[in-house]
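Analysis of the macromolecular model
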Amino acid sequence: MNPPTPDDSTTGLGAPLEAPLQPRRRRTLLQRWRGAWRRWSLWTALVSLVVAMLATLVWLAGRYEESQVQSQLERDAADAVADIRVSLSRTLQNLQALHANDPGELAWEVGAADLVRNHRELIRIEWRDAAMRVRDHQQSPYRPLAWDRRLRESSQSDAAIACANARRLSSPAYSSSYFQPHGDGLGSEMMDLCLPLTSGGKLTGFVVATFSLREILLNLVAPNLTRRQEASFIEPDGTRLAVLGAARKGSRMFTSQHLLDMPGSTLVLRMDTWHAAPSLFPNVLTALVTAMSIALVTVMAVLVRDNRRRLRAERELADALAFRKAMEDSLVTGLRARDLEGRITYVNPAFCAMVGFSAAELLGQSVTAPYWPPELVDEYRERQAVRLSGGEVPPREGFESVFMRKDGTRFPVLIIEAPLINAQGQHTGWMSAFLDISEQRRIEELSRASQERLQATARLATVGEMASLLSHELNQPLAAISSYATGSINLLEPASSTAPAAPYAAGTGTATGSTESPGTPPSADDVEGVRMALTQIARQAERAGKVIKSVHDFVRRRDQARESLPAQQLLDAILPLVSLQARKLRVRVQTHVEPGLPLVLCDRTMVEQVLLNLARNAMQAMDHPDIHQRVLDISVLKTATGQRAGWIKFTVTDLGTGIDSDVAAKLFTPFYTTRSEGMGLGLSMCRTVIEQHGGFLGFAANEPRGTVFTFTLPVASPPAQSP
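1. A few points about the overall build of the protein
When you go through the protein residue by residue, the secondary structure sums to 17 helices and 22 strands. Expressed as a percentage of the 723 residues in the protein, the buried residues total 37%. Residue pairs in contact within the protein that sit at least 24 positions apart in sequence constitute 59% of those at least 6 positions apart. About 41,300 Å² of surface is accessible on the protein, with carbon and sulfur atoms providing 57% of the total.

2. A short note on the packing of helix H14 (residues 567-585) against helix H15 (residues 604-621)
Two packed helices can be described by the angle between their axes and the distance between those axes. Where H14 contacts H15, the axes come no closer than 9 Å and their chain directions differ by 25 degrees. Here H14 is positioned roughly parallel relative to H15, judged by the angle of their axes. Once H14 is placed against H15, the crossing between them reads as right-handed. Residue-level inspection shows Gln 569, Leu 570, Leu 571, Ala 573, Ile 574, Leu 577, Val 578, Gln 581, Ala 582 and Leu 585 of H14 in contact with H15, the latter providing Arg 604, Val 607, Glu 608, Leu 611, Leu 612, Ala 615, Arg 616, Met 619 and Gln 620. Of the residues assigned to the contact of H14 with H15, the class counts are 13 nonpolar, three polar and three charged.

3. Topic: the pattern of salt bridges
Taken as a whole and assessed by the stated rule, the structure comprises 19 salt bridges. One salt bridge in this structure joins Arg 310 and Glu 314, with 2.9 Å as the shortest N-O distance. On the criterion of helical spacing, the pair formed by Arg 310 and Glu 314 is a turn pair, its members being four residues apart in helix H7 (residues 284-330). By relative accessible area, Arg 310 is classed as partly exposed at 41%. Taking the relative accessible area as the measure of exposure, Glu 314 reaches 40% and is therefore partly exposed. As a salt-bridge pair, Lys 406 and Glu 361 come within 3.2 Å of each other at their nearest N and O atoms. Pair noted here: Lys 406 is in the loop between strand E13 (399-404) and strand E14 (410-421) and Glu 361 is in helix H9 (residues 359-362), with a separation of 45 residues, a long-range link. Residue class for Glu 361 comes out partly exposed when judged on its relative accessible area of 33%.

4. Observations regarding the packing of aromatic side chains
Inspection of every chain in the model, using the stated rule, returns nine aromatic pairs. Taking 5.5 Å as the distance between ring centres and 45 degrees as the angle between the ring planes, the aromatic pair formed by Phe 403 and Phe 434 counts as tilted. Pair noted here: Phe 403 is in strand E13 and Phe 434 is in strand E15 (residues 427-436), with a separation of 31 residues, a long-range link. Each member of the pair, Phe 403 as well as Phe 434, carries the same accessibility label: buried. In this structure, Arg 135 packs its charged tip against the face of Trp 127, placed 4.0 Å from the ring centre. Residue placement shows Arg 324 over the ring face of Tyr 346; its charged tip is 5.7 Å from the ring centre.

5. Topic: unusual backbone geometry
In this chain, Glu 703 is followed by Pro 704 through a cis amide linkage whose omega measures 10 degrees. Within the secondary structure, Pro 704 is located in the loop between strand E21 (697-701) and strand E22 (707-713). One non-glycine residue, Met 132, lies in positive phi territory at about 70 degrees.

6. Some points on the sheet that holds E22
Read from one edge to the other, the open sheet built from five strands follows the order E17-E19-E20-E22-E21, with strand pairing classed as mixed. Since the sheet does not close on itself, it has two edges, and those belong to strand E17 (588-593) and E21, each with one partner. Recorded for the sheet is a direction-independent mean angle of 15 degrees between the axes of neighbouring strands. Where E17 meets strand E19 (residues 631-638), six bridges bridge the pair, whose relative direction is parallel. Within E19, the residue paired with Val 593 across the bridge is Val 636. Strands in contact with H14 are E17, E19 and strand E20 (648-653); relative to E17, the strand with the most contacts, it is inclined by about 175 degrees. Sheet contacts for H15: E19, E20, E21 and E22; angle to E22, the most-contacted strand, approximately 175 degrees.

7. Some points on the sheet that holds strand E8 (residues 240-244)
Spatial ordering of the open sheet is given by E8-E7-E10-E9, a layout of four strands whose pairing is antiparallel. In this open sheet, the two edge strands, each paired with only one partner strand, are E8 and strand E9 (252-262). Taken pair by pair, the neighbouring strands of this sheet meet at an average axis angle of 20 degrees, ignoring direction. The pairing of strand E7 (residues 229-234) with E8 spans four bridges and is antiparallel. Bridging across to E8, Ser 232 finds its partner in Val 243. Lying on the sheet, helix H6 (residues 213-221) is in contact with E7, E8 and strand E10 (265-275); it crosses E8 at an angle near 35 degrees.

8. Let's talk about helix H17 (residues 682-692)
Every buried residue of H17 is accounted for by Leu 683, Ser 684, Met 685, Cys 686, Val 689 and Ile 690. Phi turns positive one or two residues past the end of H17, at Gly 694, with a value near 85 degrees.

9. Re the environment of Val 402
Tracing the chain through its elements places Val 402 in strand E13. For the pair Val 402 and Asp 436, spaced 34 residues apart in sequence, the C-alpha to C-alpha distance is 9.6 Å.

10. Considering the confidence of the model for the protein
Residue-level pLDDT values for the protein average 77, and 78% of them are 70 or greater. Counted against residues more than four places away or in other chains, residues 1-21, with its pLDDT under 50, gives 14 contacts. Ignoring residues within four places in sequence, the model shows residues 495-517, a span with pLDDT below 50, making 28 contacts including any to other chains.

11. Digging into the nonpolar core
Within the largest apolar cluster, 44 residues are counted, with the highest numbers of intra-cluster contacts made by Leu 614, Leu 632, Phe 650, Phe 711 and Leu 713. Elements represented by at least two residues in this core include exactly H14, strand E18 (600-602), H15, E19, E20, H17 and E22. Sequence-distant contacts of Phe 711, that is, excluding residues within four places in its chain, are made with Val 607, Val 610, Leu 611, Leu 614, Ile 648, Lys 649, Phe 650, Ile 690, Phe 696 and Leu 697. Counting residues in hydrophobic clusters, the runner-up holds 42 residues, among them Val 69, Leu 115, Leu 213 and Ile 216.

Rules used in this analysis
Residues numbered from 1 in each chain as written. Predicted model: local features only at pLDDT ≥ 70, side-chain atom pairs only at ≥ 80, totals over all residues. Heavy atoms only, no water. Helix = DSSP H or I, 4+ residues; strand = E, 2+ residues; numbered from the N terminus. Buried < 20%, exposed > 50% of the residue type's maximum accessible area, 1.4 Å probe, protein only. Contact = heavy atoms within 4.5 Å. Areas by Shrake-Rupley, 256 points an atom, 1.4 Å probe, with all protein chains shown as cover. Axes fitted to C-alpha atoms, helices over the stretch in contact; angles between N-to-C directions. Parallel < 35°, antiparallel > 145°, perpendicular 65-115°, else oblique. Left-handed = near helix turned anticlockwise from the far one by under 90°. Nonpolar A, V, L, I, M, F, W, Y, C, P; charged D, E, K, R; others polar. Salt bridge = Lys/Arg side-chain N within 4 Å of Asp/Glu carboxyl O. Phe/Tyr/Trp six-rings, centres within 6.5 Å; stacked < 30°, edge-to-face > 60°. Lys NZ or Arg CZ within 6 Å of the ring centre and 35° of its normal. Pairing = 2+ DSSP bridges. pLDDT = per-residue confidence, 0-100. Core = buried A, V, L, I, M, F, W, Y, C linked by side-chain atoms within 4.5 Å.

Right under this line is the structure:
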């Protein structure tokens, strides 16, 4: 059963970690909700207050305008009633003056005619006796009507009732309104005024004046009416008797009613006016306050929008800071910021853990950093001074350095620096990223050691495969040395020897009989033969030594050190070993080195192994009964085109059977081989060696047959000029 991990949320360690987070998260949400509610409640209250104030102001302005319109209508109605009373009083006085000094009928007719002509509201004036019989009458010339005298003199007529009231009151009296038809089929409302006539305290007759209610409105009220007003006489129950004015409609109608109280009768004067919707700006003060309210609402809307943007920016900034903090805490790369004076202004937790110092111990340091090794302080100060002066731009790929932890241990770091540019585009300092490459160096060392062991194993395997060739190659010089040594001994033995030896003929390897007599010293020819034999012994020993040295140099371990050397020297080092296998397989080896080539910068032992492996593979590819022309060509020349123009190119060409397409796809795969005795590491190791030198190893088909392997190596110095 696996132990619980920190990511478990239901079992193991997950429950104790998750449990404290729930109340904390709940408290955080509750606090955020309370803060948001408090903030938005204040804004809501302010908005509601402003809206209520503006609505109240508009409502009060509308009510004020309505009251103004209603008050004006009330004044107009009151003025109209007063004008009607005054006009009726004057008409009454004129009627009383008509009977002053007992005028005759002719004089009465003249006065009455003049009166109805000047007062158009008068339709008819009658002079009646005490018995209500009509003595004389005068009718308005503007509206002649056909009157039924019998009905007019009836005791039930409105005039008779008015006169009865006048007699009882001993003063003028008005009748109720009545409808009087016209000759054209229409009619109008009329009202009679009865004025009793007395002489010496005795009733002598009546004056009856008939008024048209519409003409009263037309002549006494109309001059003061506006186009939006309508005047009418109505009865107490609301029945309209006469109407004057255009019937106009509006969104609001205002009405005013005033009593026209007359002796014997009462009329109601009603005035209506139609008005549009109340204006929002009935006066300057209201307009000013409304404008200020609108401005306040606008400012409040701007503030709300600005507050929302500010809150959103604050949330985004807080989220960005939290994200940055989480990202910085999760980094394994150390970060350090310095200003233009070299003071450390920021370090992340990874950098503090890397050097073993806390942020408080590092911030503000400028002259000497506590993580600098004492023996390198002067060098680092000089480098920092150059960097801060701007005289040197740090390489983009970074540079390596050595730091010291708080406990004194040293460790290598890779430093990548970039300038700090603020929002205004000004250079404010430097930001540095640090990578602890201690583990990388350890892995590289292990990889290098493993590669060396692998290469040594491959070399030993190659030597093991060539052991039979080496024994054959060493057997010839050793046999020659033995023969020359035996011949020299025979020549140097005294003549009295019981077992004379045949002297060795130089260059023949056979012994001949001696003509010297026993006991005689060696002759000059014998001495010369011994000298020749010793020379041949030295030459054969040197030959064997070269073979053994080639094997020894190929097998022994060496430090990986690149050196500059001619390409011909690389070929000379492997040719003895290549020739061993070439003689066995009957392969002709030919080499070609372009003259004037520059020196090659490489690890000699590793490149020699590459050449040897490629040459041996080429010779093995030609080890086939059907191949009679077996030529191995090794050429060295300078590349002229491509990305590696100017490098040194090595080519190994054979005339073998070539490489199939399915084999070519896996040719450089480790442990892949087409030979039963092979290990499959040769070509893989060759490509690794060449790529470590920055070169390229590849192959192509050779025409008319065979394969060409090519690899490149860098030069150690500029190409030499051809003479």
